[in-house]
Structures are given as C-alpha cells and as structure tokens.
Amino acid sequence: MSRRTLRWAGLALAVTIAAGAGVFAWRSGSDSTWGFQEFQLAASDIPVGIAPSPDGAIWFTLEASDAIGVLRNGTIQKLAKGVDSVEPLGLAVDAGGRAWYTEAPRQRISRVSTDGTIASFGLATPVARLGRLAIAPGGDVWFAETSLVSVTNLKDGRLTRHVVGSFAPGTPMDAAPFGVAVARDGTVWATLQNANKLLRIAPGGEKTAFDIPTRASGLGDVAVGADGTVWFLELAANKIGRFAGGRFEEFSVPTPRAGLTGLAVAPDGDAWFTELRGHSLGRVHAGAITEFALPRAEARPFGIAVDAGNNVWYTDLSGWLGRLDAERARVR
C-alpha cells in the first residue's frame, strides 16, 4: 500500500516549504480533471492521514518522518515531533484546531497546537500497534489500540480501555479494532477486522457487535454522518457498507479490486472514499457510486477528509496532497 513497503525509509526535517511552485490546479482541459488542485511535497515525503481544522488548515501525517505536516494559506509547513513515524494512521483535529495523532513507536498519543507546541500522553505499554483516532463532541479522544484489543478513550490525561476480545472468544486478537468514529451523541463505532464485526460503544459504555453481511469482508475505516448513519469500508469485498436503523446495506465499487483505504462523510451526508489501486476517489450518494479519476495516472490516494465547505481532501502516497473542489464534488 505504498511506493515501497508500508515501513518506508524516512525523512527528518522541520522546514517550511512555499507550496507555490508545487501547486497544480486542474481547472481547464478534460472534464475528468477540472476541480482538482494538488500540492506536491518533497521527493521523500509520504503523506498518510489527513484532517481539516476549523480554522481552514489541513493537517497530515508523514510515514517514516519525524515531522507532522500542515497546509495553511497555501503554504506547507512541517513541524518536528521528535521521532520517526511508523504507520501514522490516527489523526483528527479538535474544535480548538489542535491536531491529535498516534505515535506507536513511542507508545503514546500526541497533540500539536497551532503554535507548534506538542504534548504527549503515554500508553504505559512496552509496545503499541495503533489504528485510527477520532475526537468526540466533548473533546475527548478515542483510538484503536490494536495491540491490546481495545477501543481506548483519552480524557483529561486519563486512559479508559474498552477491551473487546470477548467478541472473538476463540481467538480474542481477531477482535482487534482498526477504524474508530464518534457520532454526535457520543456513541463510538469501531471495526473489528478479523472478527468481521461492527462495534458500537454506547455513551454509558455498553458494547454491542453486529456481524457484517459479507463474510471475510476485510473491514477498514468507519465514519459516521451527522444523522448517525454509519459507513464502513470492506476492502476484501470491494464494497462500501452502510448501517442505519438496525439495517445493513452494501454497495459494490465499480472498479474491481479498487484498494479501498480511506473513508469520510461530508457535511451534506455523502460518503467519500479512496481507491488506492483504482487511482480515484469515490462518492456514495443515494445508493449510487460515482468515481472521480485523479489527474495523474500513477496516483495512489490513501487518506481522505471533507472540510466544512464540502471540499474533499486526500493524501497520495506518491508524495502529494490534493483537493477536489466542492463545486465538482457536488451531485448533479
């Protein structure tokens, strides 16, 4: 799922790069490329996670780098964080514009403020394997602590672990979570990959798991819309799943073996996803999937997020950040 392997050789600089020379706006030419704007990073940069901030900044993580990146007012800045990343999958931004991210090599969750100040919270474990991360409406942090088979909450510096191994009683590690999302009412949703289950943690802590209709679906990301609808990726099945009102729906992606890696729900309720092998973004609206081929044939989109204006942002493992403008992204 990368240019080389998932454990890439890395970069270790804290430098501000003027993005002007590396910005490509595809506004003319073919119908398939208009509306895209892309920002080329340094040759060794491999962007992974991406998250918009309420102040308009776009934060992103970098594989095998001791920096975290932010795109602000057309300028890309990389802020030193002190340790090289390994699979930096967890990233979210709170209401104050602070970016929270996972740091598995140091067994901690960290937070960077808008001024570059970093605070870290240790997990008190000798090793850590971490999945996605989300911010709850109250500002506390939830993340997939895969190595402990836990969906873990961080609030006021304190950790509360919700161990979910009981949902795979034969092999508890099969219940290890990956995707995490939090609904507006505080309900937490997670994907249990090998158990092939969708997990709900109620605000009171009660846990319920739901079997995915397709067996061995290869669960990945999960996201929740403003109306409480839960969306999830099925990598092996090449489907986008939807759970609402106690009922599952599944939508097959038109491109075979598309390589589904990232998922986000837009403010307008549409679900967006990345196709790593399909070199495209996808949108689910009213049960129909529309695919948007990226401007570069070799593109490898991985992470995805949608800002408050319905602009769709993505990371490309080949060294780019990109945006699909809301005007192009909207349903016609």
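Rules used throughout
- Residues numbered from 1 in each chain as written.
- Predicted model: local features only at pLDDT ≥ 70, side-chain atom pairs only at ≥ 80, totals over all residues.
- Heavy atoms only, no water.
- Helix = DSSP H or I, 4+ residues; strand = E, 2+ residues; numbered from the N terminus.
- Buried < 20%, exposed > 50% of the residue type's maximum accessible area, 1.4 Å probe, protein only.
- Contact = heavy atoms within 4.5 Å.
- Areas by Shrake-Rupley, 256 points an atom, 1.4 Å probe, with all protein chains shown as cover.
- Lys, Arg positive; Asp, Glu negative; His and termini not counted.
- Charge placed at Lys NZ, Arg CZ, Asp CG, Glu CD.
- Pairing = 2+ DSSP bridges.
- Axes fitted to C-alpha atoms, helices over the stretch in contact; angles between N-to-C directions.
- pLDDT = per-residue confidence, 0-100.
- Core = buried A, V, L, I, M, F, W, Y, C linked by side-chain atoms within 4.5 Å.
- Phe/Tyr/Trp six-rings, centres within 6.5 Å; stacked < 30°, edge-to-face > 60°.
- Lys NZ or Arg CZ within 6 Å of the ring centre and 35° of its normal.

**Thoughts on the overall build of the protein chain**
So, point 1. Check the secondary structure of the protein chain and you find one helix and 30 strands.
So, point 2. On the principal axes, the C-alpha backbone points of the protein chain span a range of 55 × 45 × 35 Å.
So, point 3. By residue count, 56% of the 332 residues in the protein chain fall in the buried class.
So, point 4. A separation threshold of at least 6 residues defines the contact pool for the protein chain, and within that pool the share at least 24 residues apart is 43%.
So, point 5. Counting only carbon and sulfur atoms, one obtains 50% of the accessible surface of the protein chain, whose full area is about 13,500 Å².
So, point 6. Distance between charge centroids for the protein chain: 2 Å, based on 33 positive and 32 negative side chains.

**Side note on the sheet that holds strand E20 (residues 219–224)**
So, point 1. Pairing in this open sheet of four strands is antiparallel, and the strands run E20-E21-E22-E23 from one edge to the other. Since the sheet does not close on itself, it has two edges, and those belong to E20 and strand E23 (247–252), each with one partner. Averaged over all adjacent pairs, the angle separating strand axes in this sheet is 20°, with direction ignored.
So, point 2. Examined bridge by bridge, E20 and strand E21 (residues 230–234) share four bridges and lie antiparallel to one another. Considered in E21, the bridge of Val224 is made with Val230.

**What to know about the confidence of the model for the protein chain**
Predicted coordinates in regions of low pLDDT should not be interpreted in detail.
So, point 1. On average, residues of the protein chain score 91 in pLDDT, and 90% of them are at 70 or above.
So, point 2. In the model, residues 1–21 has pLDDT below 50 throughout and makes 57 contacts with residues more than four positions away in sequence or in other chains.

**Side note on the sheet that holds strand E15 (residues 158–163)**
So, point 1. Reading across from one edge, E12-E13-E14-E15 is the order of the four strands in this open sheet, with antiparallel pairing throughout. Single-partner strands in this sheet number two, and they are strand E12 (130–135) and E15. Direction aside, neighbouring strands of the sheet carry axes that sit 20° apart on average.
So, point 2. Alignment of E12 against strand E13 (residues 141–145), held across four bridges, turns out to be antiparallel. Paired with Ile135 across the strands is Val141, a residue of E13.

**Quick notes on the pairing of strand E7 (residues 75–80)**
Each regular strand carries side chains that alternate between the two faces of the sheet.
So, point 1. In terms of strand pairing, strand E6 (residues 67–72) meets E7 through six bridges, oriented antiparallel. The residue of E7 that forms the bridge with Val70 is Gln77.
So, point 2. What sits between the antiparallel neighbours E6 and E7 is a turn of two residues, in which Asn73 has the positive phi angle 55°.

**Remarks on the environment of Gly186**
So, point 1. With respect to the helices, strands and loops of the structure, Gly186 is situated in the loop between strand E16 (177–182) and strand E17 (188–192).
So, point 2. Residue class for Gly186 comes out partly exposed when judged on its relative accessible area of 22%.

**Some details on the environment of Gly204**
So, point 1. Inspection of the secondary structure puts Gly204 in the loop between strand E18 (197–201) and strand E19 (207–211).
So, point 2. Exposure remark for Gly204: the relative accessible area of 63% places this residue in the exposed category.
So, point 3. When the C-alpha atoms of Gly204 and Gly303 are compared, they prove to be 31 Å apart, with 99 residues separating the residues in sequence.

**Here we look at the nonpolar core**
So, point 1. Core analysis: the biggest nonpolar cluster contains 18 residues, and Trp142, Val151, Val180 and Leu199 have the highest contact counts within it.
So, point 2. Top element by residues in this core is E17. It accounts for three residues.

**With respect to the packing of aromatic side chains**
So, point 1. Within this structure, the stated rule accounts for ten aromatic pairs.
So, point 2. Each ring, one from Trp189 and one from Phe243, has its centre 5.8 Å from the other, and the planes form 65°; the classification is edge-to-face. In this pair, Trp189 is assigned in strand E17 and Phe243 in strand E22 (residues 239–244), connecting sequence segments 54 residues apart. As far as the burial class goes, Trp189 and Phe243 line up, both buried.
So, point 3. Summarising the aromatic geometry, the rings of Phe243 and Phe248 are spaced 4.5 Å apart at their centres and angled 40° between planes, so their arrangement reads as tilted.
So, point 4. Taken together, Trp189, Phe210, Phe232, Phe243 and Phe248 form an aromatic cluster joined through their ring pairs.
So, point 5. Geometry around Trp320 places Arg296 over its ring, the cationic atom sitting 4.2 Å from the centre.

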